[in-house]
Amino acid sequence: MKVVSVVLLFVLCNENLVSGLPLAPALYVFGDSLFDNGNNNFLPTFAKANFLPYGVDFAHGVTGRFTNGRTVADFIAEFLRLPYPPPLLSIRTSPVTGLNLASGSCGILPQTGSHLGKCLSLNDQIDLFEATVESEISTHFKTKNEFSNYLSKSICIFSIGSNDYINYFDTSANFVLNKHTPQVFAQLLLDKLSHNFERLYILGVRKILMFEIGPIGCIPSISRSRHGAIRNEKCEEGANQMVSYFNDKLAAMLQNLTSTLPDSTFVYGHANWLGYDAVINPSRYGLMDTSNPCCRTWGNGTSACIPWISACSFPNKHYFFDAFHLTETVCSSIASHCINDKSVCSPTLDQLIKM
């Protein structure tokens, strides 16, 4: 494990990039700021990462990615020998190799993130995908069968739900949803998520990878706000327990969809344990600090990076880049395990592309 994950993925990606054709026709990316690579740059919202120190280690510099370098979605694109899917809101003509529809601060519920401004909720993202593939992408294919084959072999990846819980925990926001019990809230999210997955299936999508929600009780915005830092505890376990109600049912929901929707494969990205293990046992992953943001943030380490102030000297020795988001090292580890490790993704991404 340790740095081996990063090195392994680097080797895999570079071999893939020079060894031939893409492993899938396209990669479509959905979710929140863990996957957003620039959509929020074009929206009236406070949730933006279009300034340094974000992107300090990324080859193309500042793009709107909420990290120092590449995201999990970027590493998966490299493995598939595909270009990074561009933010949908940044382009006029959609490429057939994929798009990124993720939007920072948004979530599964339409009201999530609205206190920060406009973002693309899960419903918005599926609506945009539907409009784009039907009006633009489909025109690149001569027959309906060719287009259908393209969609069925393309891969859609999701990382969404964290912001729904962050808003749920925020009692000052006075969300009506806070009145739901954790179990009812989890089921509400799962029902809406399942509905949108079924919408994609009707459109012709057959391969979907959904990452579960990570150990958000360990992110500085929550662990520090809930006096964990004062007690010298790395995580607020109560928050982690609440998220587990969602994660525990997510696996069964995805399995049910795979069983009931012919020729479909819904992959469960079981990354929560991996993320938690890295927080508790940093040396296994080549990390030194799993409690503090690498950049200087607003709110004494509980918010986003303060613009134009230099980040720490060795970002990839940190777990967190700001108070919410992972560094490139952690993103690389999650992606590489999903590609080859059945304990994280089953089937693995390597197996999924061969189905």
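Each value, and the rule that gives it
- Residues numbered from 1 in each chain as written.
- Predicted model: local features only at pLDDT ≥ 70, side-chain atom pairs only at ≥ 80, totals over all residues.
- Heavy atoms only, no water.
- Buried < 20%, exposed > 50% of the residue type's maximum accessible area, 1.4 Å probe, protein only.
- Helix = DSSP H or I, 4+ residues; strand = E, 2+ residues; numbered from the N terminus.
- Pairing = 2+ DSSP bridges.
- Salt bridge = Lys/Arg side-chain N within 4 Å of Asp/Glu carboxyl O.
- Expected span 1.5 Å × (residues − 1).
- Arc of directions from axis to C-beta.
- Contact = heavy atoms within 4.5 Å.
- pLDDT = per-residue confidence, 0-100.
- Phe/Tyr/Trp six-rings, centres within 6.5 Å; stacked < 30°, edge-to-face > 60°.
- Lys NZ or Arg CZ within 6 Å of the ring centre and 35° of its normal.
- Disulfide = S-S within 2.5 Å.

Two faces belong to every sheet, and in a regular strand the side chains alternate between them. Among the 5 residues that make up strand E2 (residues 155-159), 5 are buried, leaving the element largely enclosed by the rest of the structure. Burial of the side chains of E2 extends over both faces: Ile155, Ile157 and Ser159 are buried on one face and Cys156 and Phe158 on the other. Here strand E1 (residues 27-31) pairs with E2 via 5 bridges, running parallel. Looking at E2, one finds that glycine 31 is bridged to serine 159. Looking at chain direction, E2 and strand E3 (residues 207-211) are connected through 5 bridges and run parallel. What sits directly across from cysteine 156, in E3, is isoleucine 208.

What follows is about the pattern of salt bridges. Taken as a whole and assessed by the stated rule, the structure comprises 8 salt bridges. In this structure, arginine 199 and aspartate 127 form a salt bridge, with 2.5 Å as the shortest nitrogen-oxygen distance. Linking arginine 199 in helix H6 (residues 182-203) with aspartate 127 in helix H3 (residues 122-135), this pair joins segments that are 72 residues apart in sequence. A salt bridge links arginine 199 to glutamate 130; the shortest N-O distance between them is 3.3 Å. Remark: glutamate 130 occurs in helix H3 and arginine 199 occurs in helix H6; sequence separation between them is 69 residues. Judged by relative accessible area, arginine 199 falls into the buried class, the value being 19%. What emerges from the salt-bridge pattern is a single network uniting Arg70, Glu78 and Glu328.

Moving on, we come to H3. In this model H3 runs 20 Å from its N-terminal to its C-terminal C-alpha over 14 residues, within 8% of the 20 Å that 1.5 Å per residue would give. Inspection of H3 places Leu122, Gln125, Ile126, Phe129, Thr132 and Val133 among the buried residues, and these make up the whole buried set. Take H3 and look down its axis: the buried residues cluster within an arc of 130°, on one side only. For H3, the elements touching its buried residues are E1, helix H4 (144-153), E2 and H6.

Before going further, it helps to spend a moment on the pairing of E3. With 5 of its 5 residues buried, E3 lies for the most part within the structure. Side chains Lys207, Leu209 and Phe211 of E3 all project onto a buried face; the interleaved residues Ile208 and Met210 project onto the opposite face, where all are buried too. Across 5 bridges, the pairing between E3 and strand E4 (residues 265-269) is parallel. Bridging from a neighbouring strand, methionine 210 pairs with tyrosine 268 of E4.

Once that is clear, we can look at the confidence of the model for the chain. Counting all residues, the mean pLDDT for the chain is 91, and 90% of those residues have values of 70 or more. Throughout residues 1-18 the model reports pLDDT below 50, and contacts reaching past four residues in sequence, or to other chains, amount to 31 contacts.

Quick look at unusual backbone geometry now. Cis peptide bonds are those with omega within 30 degrees of zero, and the linkage from leucine 52 to proline 53 qualifies with 15°. Secondary-structure assignment places proline 53 in the loop between E1 and helix H2 (72-79). A cis geometry characterises the amide bond from serine 346 onward to proline 347, with omega recorded as 0°. With respect to the helices and strands, proline 347 occurs in the loop between strand E7 (345-346) and helix H11 (349-352). With phi around 65°, aspartate 263 is a residue other than glycine that occupies positive phi space. Its place among the elements puts aspartate 263 in the loop between helix H8 (237-260) and E4. Even without being glycine, tryptophan 308 reaches a positive phi, approximately 70°.

Scanning all chains against the criterion turns up 20 aromatic pairs. Centroid distance tyrosine 165 to tyrosine 168: 6.3 Å. Interplanar angle 65°. Geometry classified as edge-to-face. One end of the pair is tyrosine 165 and the other is tyrosine 168, both in helix H5 (residues 162-169) and 3 residues apart, which spans about a single turn. The class of tyrosine 165 is buried, set by a relative accessible area of 1%. Given a relative accessible area of 9%, tyrosine 168 falls into the buried group. What links up through ring pairs into an aromatic cluster is the set Tyr28, Phe30, Phe129, Phe158, Phe197 and Phe266. The cationic tip of arginine 65 hangs over the ring face of tyrosine 84; the distance from NZ or CZ to the ring centre is 5.5 Å. Here the guanidinium or amino end of arginine 206 rests over the ring plane of tyrosine 201, the centre of that ring lying 3.8 Å away.

Enumeration over the complete set of coordinates arrives at 5 disulfides. What pairs with cysteine 218 in a disulfide is cysteine 235, and their sulfur atoms sit 2.1 Å apart. In this structure, the disulfide formed by cysteine 218 and cysteine 235 twists by about 100° around the S-S bond and is classed as right-handed. Highlighted residues: cysteine 218 in the loop between E3 and helix H7 (220-223) and cysteine 235 in the loop between H7 and H8, separated in sequence by 17 residues. Cysteine 295 shares a disulfide with cysteine 305; S-S distance 2.0 Å. The disulfide joining cysteine 295 to cysteine 305 has a torsion of about -95° about its S-S bond and is therefore left-handed. A residue pair is termed long-range when its members are at least 10 positions apart, and cysteine 295 in the loop between strand E5 (289-293) and strand E6 (318-320) and cysteine 305 in the loop between E5 and E6 qualify at 10 residues. Judged by its relative accessible area of 5%, cysteine 295 is buried. Each bonded cysteine of the chain is numbered by sequence order, and under that numbering the disulfide pairs are 1-2, 3-4, 5-8, 6-7, 9-10.

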